[in-house]
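Each chain, written out:
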Amino acid sequence: MLDKNTFFDSYTRIFGEELKVDATGNRFLEEFYRCFIASSEEVAAVFQNTDMEHQRKMLKNSLFYGINFLEDIHYFEALHRIAVSHSKKRYNIKPELYDLWLDCMVETVQKFDPEFSDDVELSWRLAFSQTITYMKFMYTR
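Here the residue index of a chain counts from 1 through its sequence in written order. Local features in this predicted model are restricted to residues of pLDDT 70 or higher, and side-chain atom pairs are both shown and tallied only at a pLDDT of 80 or more, whereas totals for entire chains, interfaces and linings draw on every residue. With hydrogens and water stripped out, all remaining heavy atoms of the structure feed into the side-chain values.

Asker: Which residues make up the overall build of the protein, and what values go with them?
Answerer: Regarding its fold elements, the protein presents seven helices and zero strands. Where helices and strands are cited, they refer to DSSP runs of H or I of at least four residues and of E of at least two residues respectively, numbered from the N terminus. For the protein, the N- to C-terminal ordering of α and β elements is α-α-α-α-α-α-α. The atom set for the radius of gyration is the C-alpha atoms, and the globule formula is 2.2 Å times the number of residues raised to the power 0.38. For the protein, whose C-alpha radius of gyration is 14 Å, the value lies close to the compact-globule estimate of 14 Å for 141 residues. For the protein, the C-alpha atoms occupy an extent of roughly 40 × 30 × 25 Å along the three principal directions. For the protein, buried positions account for 40% of its 141 residues. Throughout, a contact is declared for two residues whenever any of their heavy atoms are within 4.5 Å. At a minimum sequence separation of 6, the contacts of the protein that also span at least 24 residues come to 72%. Per-residue accessibility takes into account occlusion by the displayed protein chains alone, with areas from the Shrake-Rupley method and a 1.4 Å probe. Here the protein displays about 8,200 Å² of accessible surface, and carbon together with sulfur accounts for 51% of that area. To sort residues, take the accessible area from a 1.4 Å probe on protein chains only and compare it with the maximum for the residue type: under 20% means buried, over 50% means exposed, and anything in between is partly exposed.

Written out as structure tokens, the structure is:
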């Protein structure tokens, strides 16, 4: 069972209490994208002409949408728009890339959360498992 407190405590250790991204949060997002882009040639190609500053801001917001999308219609609608934009008809982000995304996210959390543990890793994986399932489901919709 997902212990949201474990996830949110880890998230707060990385990003702080506020929704803004501070210097540590920026380094986290930069490191995540370094890992993700290096994870496959296909991912590297997807981000070849991307404004990475804008992409990092979008990722910060989407993390919050992802953890809350089943509990609040506002977050569901936001994630739905993201899923539609990432579908085969738009950006064509293939479903298997979400597993790489999550592995890189956890790898980055491990580097930035001083209290990283198996429980923290599991909380991040469970927190985004439903989001990733939804993104994969929407790929052909």
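Asker: So what about helix α6 (residues 97-112)? Which residues, and what values?
Answerer: Taking 1.5 Å per residue as the helical rise, α6 with its 16 residues ought to reach 22 Å, and the 23 Å between its terminal C-alpha atoms agrees with that figure. Every buried residue of α6 is listed here: L97, Y98, W101, L102, C104, M105, V106, T108 and V109. Expected span of a helix, by definition, is 1.5 Å for each gap between consecutive residues, and there is one gap fewer than residues.

Asker: So, the packing of helix α1 (residues 4-15) against helix α7 (residues 118-138): which residues are in play, and what are the values?
Answerer: Structural elements are reduced to axes, namely lines fitted to C-alpha atoms, with helices fitted over the stretch in contact, and the angle between N-to-C directions of any two is expressed from 0 to 180 degrees. Two numbers describe how α1 lies on α7: the axes approach to 8 Å, and their chain directions differ by 100°. In terms of their interaxial angle, α1 and α7 are classed as roughly perpendicular. Judged by residue contacts, T6, F7, S10, Y11, R13 and I14 of α1 engage D119, V120, S123, W124, A127 and F128 from α7. Here is the rule for angles: anything less than 35 degrees is roughly parallel, anything more than 145 is roughly antiparallel, 65 through 115 is roughly perpendicular, and the remaining ranges are oblique.

Asker: Quick one: what's the story with helix α4 (residues 52-68), residue by residue and with numbers?
Answerer: Count 3.6 residues to each turn of an α-helix, and residues three or four apart come out pointing the same way. The terminal C-alpha atoms of α4, which comprises 17 residues, lie 24 Å apart, in line with the 24 Å expected from a rise of 1.5 Å per residue. The N-capping residue of α4, defined by a side-chain oxygen 3.2 Å from the backbone nitrogen of E53, is D51. Polar contact is defined as a pair of N or O atoms within 3.5 Å, subject to the rule that within protein one atom must be able to donate a hydrogen and the other to accept it, and that residues adjacent in sequence are counted only when both atoms are side-chain atoms.

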